[in-house]
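# Results of the structural survey
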Amino acid sequence: MMKQLIFVCLFLVWVLFSYGQASFANLENYRTEWLILRENNNSLVGIRSFTTNAVKYYLTVDPTTLQTRVVGDRSVSVLYKDAAQVTKSLSGSVYESCFSLVRKTENNLQDAGLNFRLPKEAGINLTIDLCPSHKPLDKAIFEDLLVAFKGIDNTLPLAVSVSGKWMLNHAADLEWLKSLDTKGVKITWINHTYDHVFNNNPLTSNFLLSKNTDLNYEVLENEKLMLKNGLMPSVFFRCPGLVSDRNIIERLLSYGLIAVGSDAWLAKGQQAKNGSIVLIHGNGNEELGVQDFIQLLRTESQSIKTKHWTLYSLSEGLDEEPH
C-alpha cells in the first residue's frame, strides 16, 4: 500500500512539473500587477497575479537576469505596491535599462524594441515565430540544430514566439517542442499575441494597428493560454509583423514587457551577423527563411565544432548595453 502511495505521489509530481513547468489548467482572476516582492533575501517584480484552486500566484521577473517564474503568495511578501516606488526601486537594474533601450525605437512603425546585435560575439540570438497556420511545425529547424551542436553544447538556448491560435491548433507540435527540454533545448517562450490579427491593409492599419484590436486581450489571453499549456511566459514580447507605434510600445512597457525586433529577418534577405537577433518562422509558411537558416548552420559548421560560434539567450549582454 505504501509503495502504491509513493508511486501515485511521484506520478502527480511528474505530471505537475513535466518539461519543467507546471500547468495551471484552472487559472482564474488573471490581472496585471506592478509590485516588488521579497523572496528570502531577493527582490522580484510581480507583473501578474492569478489564482488556481483558491491559491494565489504571481508571475515574477528577476530584475537582474530577466528570468520569469511563477511563485505562490505564501512564499513571498509584498515590499512595494505603489507604482512610483516600484519604478524607483528598479533604477539601475537590467530590467529598467531595457525599458530605456526600447523607448529609443518606440516611434518605429516596424521593428521597435530590441533590434540590434547582442552580444556582439560569435553567434546569434535565434527567434522562431509561430504565427497561426494550418501547416505543421517545421521540425527541421530544431532537428538540424541538435545535429549541428551534437557533442558540442549540452544546452541550446533559443526563443519561440508563440501565438494563441497556433497553440490551439497544434497541440501535438507544442508537446513535441516542450519535450525538447530533455535534449538540452532551452526555450524562452515569447508572447506573440492571441489572435495575431492580420489583414491586407497598409502597415499603419494592420497587425496590432488594425481597427478595434484589443491589446489587453491579445496580451493577457495569450499569457493565460501559455500558462495553461505549461509554458512559462517570458518578459519578452514580439509584435506580429514587427509592427507597432509609440502607444503600443508604451502599453507593453506598462505590462512589464520588452518588445523584441530583429536585425536579421532571413526571409527578407537580411544577413545574420555576430550577435544578431535572427528571425525565422517555424509555422510552415516561410520555407525560404528556414532554408537560409539551415544554410547558415552549414556555413558555420566548422566554427560550431571549434566552439567559435554558438547560440545566445536574449537576456545575454543586456547588462552591458548603454542606455
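Residues numbered from 1 in each chain as written. Predicted model: local features only at pLDDT ≥ 70, side-chain atom pairs only at ≥ 80, totals over all residues. Heavy atoms only, no water.

## Focus on the pairing of strand β6 (residues 123–130)
The element β6 is largely enclosed, with a buried count of eight among its eight residues. Pairing analysis gives five bridges linking β6 to strand β12 (residues 277–281), with the strands arranged parallel. Counterpart to Leu 126 in the pairing with β12 is Val 278. The parallel pair β6 and strand β7 (residues 156–162), bridged by helix α4 (residues 140–148), forms a crossover whose chirality is right-handed. (Buried < 20%, exposed > 50% of the residue type's maximum accessible area, 1.4 Å probe, protein only. Helix = DSSP H or I, 4+ residues; strand = E, 2+ residues; numbered from the N terminus. Pairing = 2+ DSSP bridges. Right-handed = clockwise from strand over helix to strand, strands pointing away.)

## Some points on the confidence of the model for the protein
Taken residue by residue, the protein gives an average pLDDT of 93. The fraction at 70 or more is 92%. Taken as a whole, residues 5–20 scores under 50 in pLDDT and shows eight contacts with residues more than four places along the chain or in a different chain. (pLDDT = per-residue confidence, 0-100. Contact = heavy atoms within 4.5 Å.)

## Quick look at the environment of Thr 60
With respect to the helices and strands, the residue Thr 60 is situated in strand β3 (residues 55–61). In this structure the C-alpha to C-alpha distance between Thr 60 and Leu 35, which are 25 residues apart in sequence, comes to 9.1 Å. When neighbours within four sequence positions are excluded, Thr 60 is seen to be in contact with Leu 37, Leu 44, Val 45, Gly 46, Gln 67, Thr 68, Arg 69 and Val 71.

## What about the packing of helix α3 (residues 94–103) against helix α8 (residues 246–254)?
Packing of α3 against α8 brings their axes to within 11 Å, and their N-to-C directions diverge by 175°. When the interaxial angle is binned, α3 and α8 end up roughly antiparallel. Contacts between α3 and α8 pair Phe 99, Val 102 and Arg 103 from the former with Ile 249, Glu 250 and Leu 253 from the latter. (Axes fitted to C-alpha atoms, helices over the stretch in contact; angles between N-to-C directions. Parallel < 35°, antiparallel > 145°, perpendicular 65-115°, else oblique.)

## With respect to helix α6 (residues 171–179)
Along α6, the residues classified as buried are Asp 173, Leu 174, Trp 176, Leu 177 and Lys 178. Contact partners of the buried residues in α6: β6, α4, α5 (164–169) and β8 (185–191).

## Some points on unusual backbone geometry
Cis geometry is found at the peptide bond from Leu 118 to Pro 119, where omega equals -20°. Phi is positive for Asn 53, close to 50°, though the residue is something other than glycine. Within the secondary structure, Asn 53 is located in the loop between β2 (42–52) and β3. Residue class for Asn 53 comes out exposed when judged on its relative accessible area of 57%.

## Some points on a negative patch on the surface
On the surface, Glu 121, Glu 316, Asp 319 and Glu 320 cluster together into a negatively charged patch. For Glu 121, the location among the structural elements is in the loop between α3 and β6. (Patch = residues over 30% accessible without salt bridge, like charges linked within 9 Å, V, L, I, M, F, W, Y side chains within 5 Å. Areas by Shrake-Rupley, 256 points an atom, 1.4 Å probe, with all protein chains shown as cover. Salt bridge = Lys/Arg side-chain N within 4 Å of Asp/Glu carboxyl O. Lys, Arg positive; Asp, Glu negative; His and termini not counted. Charge placed at Lys NZ, Arg CZ, Asp CG, Glu CD.)

## Structural notes on the sheet that holds β2
Spatially, β4-β3-β2-β1-β5 is the arrangement adopted by the five strands of the open sheet, whose pairing is antiparallel. Each edge of the open sheet carries a strand with a single partner, namely β4 (68–72) and β5 (77–80). Each adjacent strand pair in this sheet contributes to an overall mean axis angle of 40°, direction not counted. Sheet topology note: the strand β1 (residues 27–39)/β2 ladder contains nine bridges and is antiparallel. Bridge pairing in β2 places Arg 31 opposite Ser 49. With respect to the sheet, helix α7 (residues 215–228) is in contact with β1, β2 and β4, its orientation differing from that of β1 by roughly 90°.

## So, the environment of Tyr 30
Within the element layout of this structure, Tyr 30 appears in strand β1. A relative accessible area of 12% places Tyr 30 in the buried class. Setting aside its immediate chain neighbours within four residues, Tyr 30 contacts Arg 48, Ser 49, Phe 50, Leu 59, Leu 220, Glu 223, Lys 224 and Leu 227. In this structure the side chain of Tyr 30 is engaged in a polar contact, spanning 2.7 Å, whose partner is the side chain of Glu 223. (Polar contact = N/O pair within 3.5 Å; in protein donor to acceptor, adjacent residues only side chain to side chain.)

## What to know about the packing of α4 against helix α9 (residues 287–299)
A pair of packed helices can be characterised by two numbers: the angle between their axes and the separation between those axes. The geometry of α4 relative to α9 is characterised by a closest axis approach of 10 Å and an angle of 0° between their N-to-C directions. By the criterion of interaxial angle, the relationship of α4 to α9 is roughly parallel. Together, Ala 140, Ile 141, Asp 144, Leu 145 and Ala 148 of α4 and Val 290, Phe 293, Ile 294 and Leu 297 of α9 make up the contact between the two elements. Each residue belonging to the contact of α4 with α9 can be placed in one class, and the counts come to eight nonpolar, no polar and one charged. (Nonpolar A, V, L, I, M, F, W, Y, C, P; charged D, E, K, R; others polar.)

## A look at the packing of aromatic side chains
What the rule picks out here adds up to ten aromatic pairs. Seen in terms of ring centroids, Phe 50 and Tyr 57 are 5.6 Å apart; in terms of plane orientation they differ by 20°. Their pairing is stacked. For the ring pair Tyr 95 and Phe 99, a centre distance of 5.1 Å and an interplane angle of 85° mean the geometry is edge-to-face. Placement of both Tyr 95 and Phe 99 in helix α3 is noted, with a separation of four residues, approximately one turn of the helix. The same class applies to Tyr 95 as to Phe 99, namely buried. One aromatic cluster is present, formed by Phe 24, Tyr 30, Phe 50 and Tyr 57 through successive ring pairs. (Phe/Tyr/Trp six-rings, centres within 6.5 Å; stacked < 30°, edge-to-face > 60°.)

## A look at the nonpolar core
One finds Leu 66, Tyr 95, Phe 236, Leu 252 and Ile 258 to be the most contacted residues of the largest nonpolar core, which totals 50 residues. The set of elements that each furnish at least two residues to this core consists of β1, β2, β3, α3, α7, β9 (233–237), α8 and β10 (258–259). When residues in this core are grouped by element, the largest group, six residues, is from α3. In this structure Phe 236 touches Leu 66, Leu 114, Thr 188, Ile 190, Asn 191, Ile 258, Val 260, Leu 314 and Ser 315, once residues within four positions along its chain are discounted. (Core = buried A, V, L, I, M, F, W, Y, C linked by side-chain atoms within 4.5 Å.)

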